[in-house]
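# Chain and residue survey
Listed below, chain by chain, are the residues.
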Amino acid sequence: MVKTPEELDLMREAGRLLAQVFTMLDRTPLAGMSTLAIDTLVERYITDELHARPASKGQYGYGFVLNCSINHVVCHGVPDAATIVRDGDIINLDITLEKNGFIADSSKTYMVGTVSPQARRLVKVTQEALWKGIAQVRPGATLGDIGAAIERHAKQHGYSIVRDYCGHGIGREMHEEPSVLHFGRPGTGMKLREGMTFTIEPMLNQGTRKVTTLDDGWTVVTNDRKLSAQFEHTVAVTATGVEVLTLREGERVPA
């Protein structure tokens, strides 16, 4: 779980490259694109422009480079040519990238065109919840501190936290120890140590936290078909706090 300084440097490079993918997507008009077209665009950018590997493709038998989860899809949405991104949609794009043997993982929920105030509020609070969790990361803090901060912020705004999926350690493998829950009690769970790297990736729902996996074996939806949003970063525990390895261009760390 604890990375050497040399390994952390390699993880920084993977995170820096992955952040560039999202910068590219920020400039891309998503409305009218199929989710398969987005997948193809990202694959070409990672391989041709960044000379890296899309780590999700082939992982656990998955055939694509990203997950694209629209509106009531919580996570693991599968790209296809028939699903078109529409004005008013919110869509989470979850992408992994491997460079020099190390993997970075990040996701962002995009608001496409004119989005309803209710959807906009959900997206805003979800992003805030991610940063509330990140703010807890420092040596000696616990995983429970992270989960409690996220859960508290979500509940304050009337949203539920999906409990079926969590953050995870990351490095040479996409999924390493520890599991990083997005709910919990302060002061409980594993203590954080300098050099640990993991993802924090809360999923907030408008309604029930209960979810269902569709027949394709991947796509997870809210049981009540209300909206869901997610944000994710890969972070490293430093001597004095936290480093966000996948921080994107123009993205500011909240004070």
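Refer to the structure printed above.
The paragraphs below set out a description of the structure included in this document. (Residues numbered from 1 in each chain as written. Predicted model: local features only at pLDDT ≥ 70, side-chain atom pairs only at ≥ 80, totals over all residues. Heavy atoms only, no water.)

## Looking at the pairing of strand 13 (residues 233-237)
Taking burial as the measure, the five residues of strand 13 include five buried ones, the bulk of the element. By the alternation rule, side chains of strand 13 split into H233, V235 and V237 and T234 and A236, which are all buried. Note: strand 8 (residues 197-200) against strand 13, four bridges, orientation antiparallel. Bridge assignment links T197 to a residue of strand 13, and that residue is A236. Across three bridges, strand 13 lies against strand 14 (residues 242-244) in antiparallel orientation. Across the sheet, residue V235 finds its bridge partner in strand 14, namely V244. A loop of four residues connects strand 13 with strand 14, the two strands running antiparallel in sequence. (Buried < 20%, exposed > 50% of the residue type's maximum accessible area, 1.4 Å probe, protein only. Helix = DSSP H or I, 4+ residues; strand = E, 2+ residues; numbered from the N terminus. Pairing = 2+ DSSP bridges.)

## Focus: the packing of aromatic side chains
One pass over the structure, following the stated rule, counts two aromatic pairs. Geometrically, the ring pair formed by Y62 and F64 is edge-to-face, given 5.7 Å between the ring centres and 70° between the ring planes. Accessibility expressed as a relative area gives 5% for Y62, which makes it buried. A relative accessible area of 23% means that F64 is categorised as partly exposed. Measuring from centroid to centroid gives 4.8 Å for Y62 and W218, while their planes differ by 65°, and the two rings are edge-to-face. (Phe/Tyr/Trp six-rings, centres within 6.5 Å; stacked < 30°, edge-to-face > 60°.)

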